[in-house]
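# Coordinates in review
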Amino acid sequence: MSFRSPLYLLLITTIYTALFSSTKTFVHAEQPELLHEANNSAPRPANFTLPVTNGTLEPDMPFGMSSGRTTSDTSSDPSLAHPYRSPQVPLEVENYPVAPDPLQLEQVHVFVRHGERTPVGVRLAGPPANIPEHWNMCNSARRFRSAVSAVTRDGEVADKQRYEDIVRGRKVVERKDGRAFEGECLLGELTDLGKYTTHNFGKNLRRLYVERLGFLPDQLDNPDTVYFRTTNMPRTTESLQEIVRGLYPAPKCRDPSSIPPIRIRNGKDENLVGNTYSCKRLEFLLVNFAKSAADAYNPTLAHLDKKLSKYIDGNPVRLDGRPRASGILDTVRSSIAHGIKVPSDFEDKSVIDTIERAVVTEWFSDKTEEVRRLGMGRLFDDMLSKMQRKVEQSEKDPLRILVHSTHDTAIAAIHQTLDVFDDKWPAFTASVTFELYKVPATSTTLAGHSQTILSKLGGKSSSSSSQRHYIRMRSQNKSVLLPLCADEGSHLPGHPEFCTLEAFKEGMKYLIPEDWDRECAVGST
């Protein structure tokens, strides 16, 4: 995350205000940019289509879309006219590596980036790039329903008068000249394709944890079995709605009372992103680091000016340029993901790799302990608290899966905090999963290993429940070897991807702030 000039600080404050307000304003939480007003008409890309078979709509598909196939994995479906596929692969089901005996899955924490969206700013719209300024790719997002209740004069809802009436309507984007267009997207909005891919992500969660592993119930009777949370942004909220509908479509919920709620926190309490809105110390640290990153990488980007300046009104390519390098990357990646042709210079791997390396450095290369603590410490504290409750209460705690809809910055920061970031910008629907396992009390297979763990970590009690629990991190269908549990005794013998819960907690101890509010107020000016 980068914050640099007074103008930028004003902008990021405005964006976080929108992010954390109750008003659904379409702005970008990952790569903040000034949002330009649309004023020129651009056609819908000819090669943008959604999968269609017989034209019928299935009830578990995003609004207004055909399923295209009966299988749940359609990410490589040739009927999708998108020559580019996102760098990530669909959530693995068939080749998912089941944990070795005697480990039993107890709880799953999923963090997923929202689906494909439009760029968050108008860039590269003029010749010779000619990337469309207006994207007509949001047809399914325009239908909505609202509940209306009768309210008495004093503002109280009277039980006898209370009623719900479904109001059906549609939304259209109005340009500044007053013209409105069906299906046109707002800047930074989840597109029909984004709804499609996040819906598939939810269906693959179901295929894996319900159908293959039998870990989750086929029918959701108890909403406390699941937990869904999103940042207060339309694109993450809509992505999570699609994921929920893929995991537990309406026919698989016993009745309306078993349909799980989607949770959203107030801005001051948000921890699914690095919260500079509430933590001025974090903002201060990142401002200074971003300035250093620009000083270090702008000379490297200068070598691209000869190729790329013609696409950005003759301006130089810089981390702090106009547009910013991160904005250029955003527009190019969003365009390619939707099958929109970009200039061949942006298809040159060496060019894109150079921009990506600079932008990733700008946003994520500050690995100081303090930045990690203030950025992601509270999120890991939340996760470990829920895991510990599961450890202590076992079956008395019904919570089995937690799905969090968030942003690219969070996915990258989670990896960076654990020293496993690959320095690649997270793709749309990129995800990371933490699985909690236990060794059954009746098993003696790992009894000796448990004692070794405690002795290695300075444990004093052989009755500690944490000694019989393990965590596995999965990212892009790969099990991740965590440096914090690489030592002998800190992971399952022969399976270094299974970190002991005790070792994980010990490694995270210094990255979880004891008093976040107090630490955020220190030296922020």
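- The chain goes by Histidine phosphatase superfamily in an unreviewed UniProt entry, where it is assigned to Ephemerocybe angulata.
- Listed in UniProt under the heading Sequence similarities (unreviewed entry), the comment for the chain reads: "Belongs to the histidine acid phosphatase family."

## Focus: the pairing of strand β13 (residues 495–500)
- By the bridge criterion, three bridges tie strand β10 (residues 469–475) to β13 in an arrangement that is antiparallel. Paired with I471 across the strands is C499, a residue of β13.
- Strand direction decides the pairing type here: strand β12 (residues 491–492) and β13, joined by two bridges, are antiparallel. Counterpart to H491 in the pairing with β13 is C499.
- Counted along the chain from β12 to the antiparallel partner β13, the turn is two residues long, and its residue G494 has a positive phi close to 85°.

## Observations concerning the nonpolar core
- Among the nonpolar cores identified, the biggest contains 36 residues, and L124, L301, L308, L319, F346, I355 and V359 are the most heavily contacted of them.
- At the level of secondary structure, the elements contributing two or more residues to this core comprise α4 (280–301), α6 (325–337) and α7 (349–364).
- Ranked by the residues each element gives to this core, the list is headed by α7, at eight residues.
- Once you skip the residues sitting within four places of it in the chain, L301 turns out to touch V317, R318, L319, A325, T354, I355 and A358.
- Formed by 32 residues, the second largest nonpolar core is a distinct cluster that contains L105, V210, Y437 and Y470.

## Structural notes on the packing of α6 against α7
- Where α6 contacts α7, the two axes come as close as 9 Å, and the packing angle between them is 125°. When the interaxial angle is binned, α6 and α7 end up oblique. With respect to the hand of their crossing, α6 and α7 are arranged in left-handed fashion. Between α6 and α7, the residues in contact are A325, S326, L329, V332 and R333 and I352, I355, E356, V359, E362 and W363, respectively.
- Taken together, the residues of the contact of α6 with α7 sort by class into seven nonpolar, one polar and three charged.

## Structural notes on the state of the cysteines
- According to the stated counting rule, one finds two disulfides in the structure shown.
- The disulfide partner of C279 is C520, and the S-S distance across this bridge is 2.2 Å. Negative torsions about the S-S bond denote left-handed disulfides, and the value of about -100° found for C279 with C520 makes this one left-handed. With a gap of 241 residues between them, C279 in the loop between β7 (262–264) and α4 and C520 in helix α12 (residues 516–520) connect regions that are remote in the sequence.
- The class of C520 is buried, set by a relative accessible area of 3%.

## Topic: the packing of α4 against α7
- It is at 9 Å that the axes of α4 and α7 come closest, and there the two elements cross at 165°. Considering their axes alone, α4 and α7 lie roughly antiparallel with respect to each other. As for how α4 packs across α7, the hand of that crossing is right-handed. Note on element contacts: α7 touches α4 through T354, I355, R357, A358, T361 and E362, opposite F289, A293, Y297, T300 and L301.
- Tallied by class, residues from the contact of α4 with α7 come to six nonpolar, three polar and two charged.

## Let's talk about the pattern of salt bridges
- As enumerated under the stated definition, the model contains 29 salt bridges in all.
- For the salt bridge of K438 with E106, the shortest nitrogen-to-oxygen distance reads 3.9 Å. Of the two residues, K438 is situated in strand β9 (residues 431–438) and E106 in strand β1 (residues 104–113); the sequence distance between them amounts to 332 residues. Of the two residues, K438 and E106, both sit in the buried class.

Conventions used here
Residue numbers run consecutively from 1 along every chain, following the written order of its sequence. Since the coordinates come from a predicted model, pLDDT governs what is reported: local features require at least 70, and pairs of side-chain atoms require 80 or more to be given and counted, while whole-chain, interface and lining totals use all residues. Here the side-chain values reflect all heavy atoms present in the structure, with hydrogen atoms and water set aside. UniProt positions are given in the numbering used here, feature names are shortened, and annotations may be inferred rather than shown by experiment. The pairing criterion is simple: DSSP has to find at least two bridges between the two strands. What counts as a helix is a DSSP run of H or I of at least four residues, what counts as a strand is a run of E of at least two, and both are numbered from the N terminus. Residues belong to a common nonpolar core when they are buried Ala, Val, Leu, Ile, Met, Phe, Trp, Tyr or Cys residues joined through side-chain atoms within 4.5 Å. Note on exposure labels: buried denotes an accessible area under 20% of the residue type's maximum, exposed denotes more than 50%, and partly exposed covers the range between, all computed with a 1.4 Å probe on protein chains only. Here, two residues are considered to be in contact whenever any of their heavy atoms come within 4.5 Å of each other. Inter-axis angles, ranging from 0 to 180 degrees, are taken between N-to-C directions of lines fitted to C-alpha atoms, where helices are fitted over the stretch in contact. To sort the angles, those under 35 degrees are grouped as roughly parallel, those over 145 as roughly antiparallel, those from 65 to 115 as roughly perpendicular, and the leftovers as oblique. By convention the crossing between two helices is left-handed if the near helix lies anticlockwise of the far one by an angle smaller than a right angle, and right-handed if it lies clockwise. Under the convention adopted here, Pro, Cys and the residues Ala, Val, Leu, Ile, Met, Phe, Trp and Tyr are nonpolar, Asp, Glu, Lys and Arg are charged, and Gly plus all remaining residues are polar. Note on terminology: pairs of cysteine sulfur atoms within 2.5 Å are recorded as disulfides. Between Lys or Arg on one side and Asp or Glu on the other, a salt bridge is scored when a side-chain nitrogen of the former is within 4 Å of a carboxyl oxygen of the latter.

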